[in-house]
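So the chains spell out like this:
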Amino acid sequence: MQQGGEIGIDYLISGGLGSMINSLRNVIFATLETELASLELTSAQFIVVIAAMRGRARTVNEFCAFAGIEAGPMSRLLDRLEAKGIVRRVRDDIDRRQVLVELTEKGHHLSPQIMPLIAKVYTRFLTDFSVDEALLLQSLLQRLLDNADKP
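Source: prediction; values computed, not measured. (Residues numbered from 1 in each chain as written. Predicted model: local features only at pLDDT ≥ 70, side-chain atom pairs only at ≥ 80, totals over all residues. Heavy atoms only, no water.)

### Brief notes about the layout of surface pockets
Left-over empty space is what a probe sized like a water molecule reveals as it rolls over the atoms.
Part 1 of the reasoning: Taken as a whole, the largest pocket spans an internal volume of roughly 1,900 Å³.
Part 2 of the reasoning: Taken together, 41 residues line the largest pocket, and the ones lying closest to its centre are I21, L24, I28, L137 and L141.
Part 3 of the reasoning: Only helix 1 (5-36), helix 2 (43-53), helix 3 (60-67), helix 5 (105-125) and helix 6 (131-148) provide two or more residues apiece to the lining of the largest pocket.
Part 4 of the reasoning: The biggest single contributor to the lining of the largest pocket is helix 6, with 13 residues.
Part 5 of the reasoning: Across the lining of the largest pocket, the residue classes break down as 31 nonpolar, five polar and five charged. (1 Å grid on protein atoms, 1.4 Å probe; cavity = no way out; pocket = protein on both sides within 12 Å on 5 of 7 lines; lining within 4 Å. Points joined across faces, edges and corners; volume = space filled by probe spheres on them. Helix = DSSP H or I, 4+ residues; strand = E, 2+ residues; numbered from the N terminus. Nonpolar A, V, L, I, M, F, W, Y, C, P; charged D, E, K, R; others polar.)

If you want it as structure tokens, here you go:
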């Protein structure tokens with residue numbers, strides 16, 4: 001990447017930012033795939049399991065939004081997780097039109113196994129970062145997310 005004030009900004013604005021973020025996402029997911037293979041989970045399946053564990057999504061639509069996956073592929077992903085006995089889909093008692101995704105007992109037992117693998121992956125990516133640099137990275141990423149909401 002080019003260094004320096006405006007040259008660096010020009011690079012980022014002309015597509016470099018998206019390219020770097022996409023490349024980082026891909027390499028993180030590939031590394032997660034390798035680590036999660038022992039649990040027979042893909043990185044896409046991990047996203048659903050972790051969202052359910054952390055209560056970030058309950059309905060199929062919420063899982064689609066959380067994972068950035070359309071309804072068709074999400075349905076197939078949930079089918080695979082159900083076949084593995086990790087999640088189940090149930091109708092919402094209050095709004096029968098809604099389908100909820102719940103972790104099974106097996107799914108709940110994955111949490112203590114998943115989290116150390118995830119920590120291992122992220123620790124690898126943060127190798128050689130000082131605490132201050134890691135906090136700065138977090139702050140800068142949050143600013144990017146915050147800017148997405150601005151007109």
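Okay, back to it.
### A word on helix 3
Part 1 of the reasoning: All buried positions along helix 3 are accounted for by V60, F63, C64 and A67. The arc that holds every buried residue of helix 3, seen down its axis, measures 105°, which confines them to one face. Residues N61 and A65 are exposed on helix 3 and point more than 90 degrees away from its buried face.
Part 2 of the reasoning: Contacts from the buried residues of helix 3 go to helix 2, helix 4 (71-83), strand 1 (87-91) and strand 2 (99-103).
Part 3 of the reasoning: Positive phi shows up at G68, right after helix 3, with a value of about 70°. (Buried < 20%, exposed > 50% of the residue type's maximum accessible area, 1.4 Å probe, protein only. Arc of directions from axis to C-beta. Contact = heavy atoms within 4.5 Å.)

### Digging into a nonpolar patch on the surface
Part 1 of the reasoning: Together, L17, I21, L126, F129, L137, L141 and L144 make up an exposed nonpolar region whose accessible area comes to about 560 Å².
Part 2 of the reasoning: Elements with a contribution of two residues or more to the nonpolar patch: helix 1 and helix 6.
Part 3 of the reasoning: Counting residues per element, the nonpolar patch draws most heavily on helix 6, at three residues.
Part 4 of the reasoning: One can find L126 in the loop between helix 5 and helix 6.
Part 5 of the reasoning: When its relative accessible area of 37% is taken as the criterion, L126 is described as partly exposed. (Patch = residues over 30% accessible without salt bridge, like charges linked within 9 Å, V, L, I, M, F, W, Y side chains within 5 Å. Areas by Shrake-Rupley, 256 points an atom, 1.4 Å probe, with all protein chains shown as cover. Salt bridge = Lys/Arg side-chain N within 4 Å of Asp/Glu carboxyl O.)

### Notes on the packing of aromatic side chains
Part 1 of the reasoning: Using the criterion set out here, one finds zero aromatic pairs in the structure.
Part 2 of the reasoning: One Lys or Arg, R25, reaches over the ring of F29 and ends 4.3 Å from the middle of that ring.
Part 3 of the reasoning: In this structure, R124 packs its charged tip against the face of F125, placed 6.0 Å from the ring centre. (Phe/Tyr/Trp six-rings, centres within 6.5 Å; stacked < 30°, edge-to-face > 60°. Lys NZ or Arg CZ within 6 Å of the ring centre and 35° of its normal.)

### Focus on the pattern of salt bridges
A side chain with one charge may pair with a side chain of the opposite charge, provided their charged atoms come close.
Part 1 of the reasoning: In the structure shown here, the tally under the stated rule is five salt bridges.
Part 2 of the reasoning: E35 serves as the salt-bridge partner of K120, at 3.4 Å between the closest nitrogen and oxygen. Note that K120 is positioned in helix 5 and E35 in helix 1, a separation of 85 residues in sequence.
Part 3 of the reasoning: By relative accessible area, K120 is classed as partly exposed at 49%.
Part 4 of the reasoning: Residue R97 is joined to D95 by a salt bridge in which the shortest nitrogen-to-oxygen separation is 3.0 Å.

### Section: the nonpolar core
Part 1 of the reasoning: With 31 residues, the main nonpolar core has L36, L41, F46, F63, M74, I86 and I114 as its most contacted residues.
Part 2 of the reasoning: Of all the secondary-structure elements, those providing two or more residues to this core are helix 1, helix 2, helix 3, helix 4, strand 2 and helix 5.
Part 3 of the reasoning: Top element by residues in this core is helix 2. It accounts for seven residues.
Part 4 of the reasoning: Each residue touching I114, except ones within four places of it in the same chain, is listed here: L39, L41, F46, V49, I50 and M53. (Core = buried A, V, L, I, M, F, W, Y, C linked by side-chain atoms within 4.5 Å.)

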